[in-house]
Amino acid sequence: LLGVPTALMSLVDSHRQFFKSQAGLGEPWSSARETPLSHSFCQWVVSSKENLVVFDAKQHPVLCNNSAVKDLGVSAYAGVPLIAEPGHVIGAFCVVDSEPKQWTAEEIETLEDLTQIVNAYIGLRQVLDDSETDLSAQSTAAAMTASSSALSAATRLLARVGTELGEEEIALLRSIVEKYSQRLLKLTNKQ
């Protein structure tokens, strides 16, 4: 969707970034599933709590000295905060290229929508158990907000980039729309 070889779901702690999920990351990083913070752009997303969009890290005043530029070949980077609870950023959903890239507004919106789906899933995992019984009013409201957020993001993605997706990706987004629509309806009926 974004025309880059690498995508990462990175969780950041005080010593490292851990790759909960990744596609296109080379060895030995792919097998290790982590890098020290010396190789992390995602740490800047966490500390700023904002998107980080970099055209060419070699020209960036702060990131040009990051070891990811030399050791991982990172040039272009776009990362969006992963949020565990309001105001608490735990990592970044990001895409990386080894060549400079001028990111378009549509590409950043696509990355934000993908991240919104992940953030909704994280939020739902925090408030729901498998049975979804005996939720407090606050938990129900949080679950409704997360479900609505995922539903909106998946619908926007289907509308914006649906023609660029394969059948498997379209089916996955449609299943997200169906799942979160049903969850939202179920939660609404509980109120």
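Residues numbered from 1 in each chain as written. Predicted model: local features only at pLDDT ≥ 70, side-chain atom pairs only at ≥ 80, totals over all residues. Heavy atoms only, no water.

(A) Quick peek at the sheet that holds strand S2 (residues 16-23). With antiparallel pairing, the six strands of this open sheet are ordered in space as S3-S2-S1-S6-S5-S4. The strands lining the two open edges of the sheet, one partner per strand, are strand S3 (34-36) and strand S4 (52-54). Sheet twist, expressed as the average angle between the axes of neighbouring strands with direction ignored, equals 25°. Relative to strand S5 (residues 76-85), S4 is paired through three bridges, and the arrangement is antiparallel. Counted as the bridge partner of Val 53 is Ala 78 from S5. Along the sheet, helix H4 (residues 105-127) contacts strand S1 (6-12), S4, S5 and strand S6 (88-97); its crossing angle with S5, the most-contacted strand, is approximately 25°. (Pairing = 2+ DSSP bridges. Helix = DSSP H or I, 4+ residues; strand = E, 2+ residues; numbered from the N terminus. Axes fitted to C-alpha atoms, helices over the stretch in contact; angles between N-to-C directions. Contact = heavy atoms within 4.5 Å.)

(B) Seen up close, the packing of H4 against helix H5 (residues 137-161). The contact between H4 and H5 brings their axes to 8 Å, and the two run at 155°. In terms of axis orientation, H4 runs roughly antiparallel to H5. You can see that H4 and H5 cross each other, and the crossing is left-handed. Broken down by class, the residue content of the contact of H4 with H5 amounts to 13 nonpolar, five polar and five charged. (Parallel < 35°, antiparallel > 145°, perpendicular 65-115°, else oblique. Left-handed = near helix turned anticlockwise from the far one by under 90°. Nonpolar A, V, L, I, M, F, W, Y, C, P; charged D, E, K, R; others polar.)

(C) Examining the layout of surface pockets more closely. The computed volume of the largest pocket comes to approximately 850 Å³. Contributing to the lining of the largest pocket are 32 residues, with Phe 93, Leu 114, Val 118, Leu 172 and Ile 176 lying nearest its centre. Per element, the largest residue contribution to the lining of the largest pocket is eight residues, and it comes from helix H6 (residues 167-190). Taken together, the residues that form the lining of the largest pocket break down as 23 nonpolar, four polar and five charged. Together, 15 residues line the second largest pocket, and Ala 84, Glu 85, Pro 86, Asn 119 and Gly 123 are the ones closest to its centre. Looking at the lining of the second largest pocket, the elements with two or more residues in it are S5, H4 and H5. (1 Å grid on protein atoms, 1.4 Å probe; cavity = no way out; pocket = protein on both sides within 12 Å on 5 of 7 lines; lining within 4 Å. Points joined across faces, edges and corners; volume = space filled by probe spheres on them.)

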